[in-house]
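Coordinate analysis (summary)
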Amino acid sequence: MTRLAALLGLELPLLQAGMGAVAGPALCAAVSRAGAGGTLALYKEPPARAARLVREAAAATDRPFGVNVVPEVTGPARCLDQLRAVLPELPRGGFVTTFGLLGNADAVRAVQAAGHPLVVQTGTLADAEAALGQGAAALVLQGTEAGGHLLGQDPVDRLLATVRARHPRAVLAVAGGIATGKDLADAVARGADGAMAGTLFVPAEESTAHPEFKRRVIEAAADDTLITSLFDIGWPHRPHRVLRNPLTTTTDRAPATFIATTRVDGRNHPVPRYSAAAPGDATTGRIEEMAMYCGRSCTRVTAPHPAAVVVARIRREYEAERQTAKGAPNATTAAHTSRSEEPHRIQER
């Protein structure tokens, strides 16, 4: 039991990332039932639909789960509307995660008044300290190894060491490089209270990612990913780690014409080339040109198992590693030190 697990009522100190086009009610509930922190992506969902999705997840699990909001994309007012719609539907024991600072005092107060822990994902020391100052109960420290939109420029181990040194009592999880129980145990041994994983759950049976997205994550190695700012329509000024595709391998920017369509609640939504939207299972069109967010941990993601199988494997590996660490602390520390000194390669575009 770590402080993150105790705070959120989890059996395993692992959060599933609230990924748009991936983390719907089915994935959220399946991860929750397995004892980890299932998270429902609200992203740009209208408040009424967001509330309906929370009810759907709540009906499928009696264990804690969370919702994820993205204030940077929705804007403070829309984010507050989402929270006001979903907080009454979020069961007792649920939690709220945010990608980046919530940035709205009314939103922070709404979460706290509803009695739900606020978990803020950050990528810098300055934002970590701001989040703690705004009342975050826990932080997720995102390193550059992570897939998706990046909040900072430091590898996860460096960021964890920096924040832990300044805030020894803070509840800290890490994001980036987590795909096995050993990865989770290593993070805890380095001072984290748990971790968040996204790439790990993209190919899960309950994920709503497009089948081609799932296939590519399973077949990818770490160096098949890169950091780029190409996919900026709908989410500008934020670099992101994606799988290489035809758009990332050319120096010429193609026209931002519509290349795909996503169907939501019976309505078709056109997707332009260079959109920040990831392909979901209701997307049709030129899927190969869309942003497929993927972290360097993809090397260790090799099969499309149900979420319960994924979480059970992580738990077995984690518990085995923790037992080994208790029996041989010196060897474990040496291994951790060696791994932390490995070079971290980033390719920018």
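Regarding the sheet that holds strand β13 (residues 267–272)
Adjacent strands of a sheet form backbone hydrogen bonds with each other and so pair up, either parallel or antiparallel. Strand order in the open sheet formed by three strands is β13-β12-β14, with antiparallel pairing between adjacent strands. The sheet is open, and its two edges are formed by β13 and β14 (283–285), each paired on a single side. Each neighbouring strand pair of the sheet contributes to a mean axis angle of 30°, computed without reference to strand direction. In this sheet, β14 lies alongside strand β12 (residues 258–264) in antiparallel orientation, the contact comprising three bridges. Looking at β14, one finds that Thr262 is bridged to Thr283.

Comments concerning the environment of Leu8
Looking at the element boundaries, Leu8 is found in helix α1 (residues 3–8). Its relative accessible area of 2% is what places Leu8 among the buried residues. When the C-alpha atoms of Leu8 and Thr122 are compared, they prove to be 19 Å apart, with 114 residues separating the residues in sequence. With residues up to four places along the chain from it excluded, the contact list for Leu8 reads Leu15, Pro64, Gly93, Phe95, Pro117 and Val119.

Some thoughts on the pattern of salt bridges
Counted according to the given criterion, the structure contains 23 salt bridges. Put simply, Arg49 and Glu45 hold a salt bridge, and the shortest N to O gap is 2.7 Å. Each member of the pair, Arg49 together with Glu45, is buried. As a salt-bridge pair, Asp193 and Arg164 come within 3.0 Å of each other at their nearest N and O atoms.

Concerning the sheet that holds strand β11 (residues 240–243)
Spatial strand order, β7-β11-β10: three strands in an open sheet with antiparallel pairing. Among the strands making up the open sheet, the edge pair consists of β7 (148–149) and β10 (225–228). Across two bridges, β7 lies against β11 in antiparallel orientation. Looking at the pairing, Gly148 lines up with Arg241 of β11.

As for unusual backbone geometry
The backbone of His237 shows a phi angle near 65°, a positive value even though the residue is not glycine. Topologically, His237 is positioned in the loop between β10 and β11. Even without a glycine there, the phi angle at Tyr274 is positive, about 75°.

Looking at the packing of aromatic side chains
A ring pair, where both rings are aromatic, is described by two values, the distance of the centres and the angle of the planes. According to the stated counting rule, one finds two aromatic pairs in the structure shown. The interplanar angle of 90° and the centroid separation of 5.5 Å between the aromatic rings of Phe99 and Trp235 together place this pair among those described as edge-to-face. Here the residue Phe99 occupies a position in strand β4 (residues 95–99), and Trp235 occupies one in the loop between β10 and β11, the gap between them amounting to 136 residues. Judged by relative accessible area, Phe99 falls into the buried class, the value being 10%. According to the relative accessible area criterion, Trp235 is buried, its value standing at 5%. Taken together, the ring pairs in this structure connect Tyr43, Phe99 and Trp235 into an aromatic cluster. The ring centre of Tyr274 lies 3.9 Å from the NZ or CZ of Arg253, which sits over that ring.

The rules behind each value
The written sequence of each chain sets the order in which its residues are numbered from 1. Per-residue local features are limited, in this predicted model, to residues with pLDDT of at least 70; the limit for side-chain atom pairs, both in listing and counting, is 80 or more; totals at the level of whole chains, interfaces and linings are taken over all residues. The basis for every side-chain value is the complete set of non-hydrogen atoms in the structure, without hydrogens or water. For two strands to count as paired, DSSP must find a minimum of two bridges between them. Helix numbers and strand numbers start at the N terminus; a helix is a DSSP run of H or I with at least 4 residues, a strand a run of E with at least 2. Between N-to-C directions, angles cover 0 to 180 degrees, with each direction set by a line fitted to C-alpha atoms, over the stretch in contact for helices. Burial classes: relative accessible area under 20% of the type maximum marks a residue as buried, over 50% as exposed, and values in between as partly exposed (1.4 Å probe, protein chains only). Whether two residues touch is decided by their heavy atoms; if any such pair falls within 4.5 Å, the residues are in contact. Just to be clear on terms, a salt bridge is a Lys or Arg side-chain nitrogen sitting within 4 Å of an Asp or Glu carboxyl oxygen. Two aromatic rings, drawn from Phe, Tyr or Trp (for Trp, its six-membered ring), form a pair once their centres lie within 6.5 Å of each other, and the interplanar angle then sorts them: stacked below 30 degrees, edge-to-face above 60, tilted otherwise. Throughout this description, the term charge over a ring refers to an Arg CZ or Lys NZ atom that lies within 6 Å of the ring centre and within 35 degrees of the ring normal.

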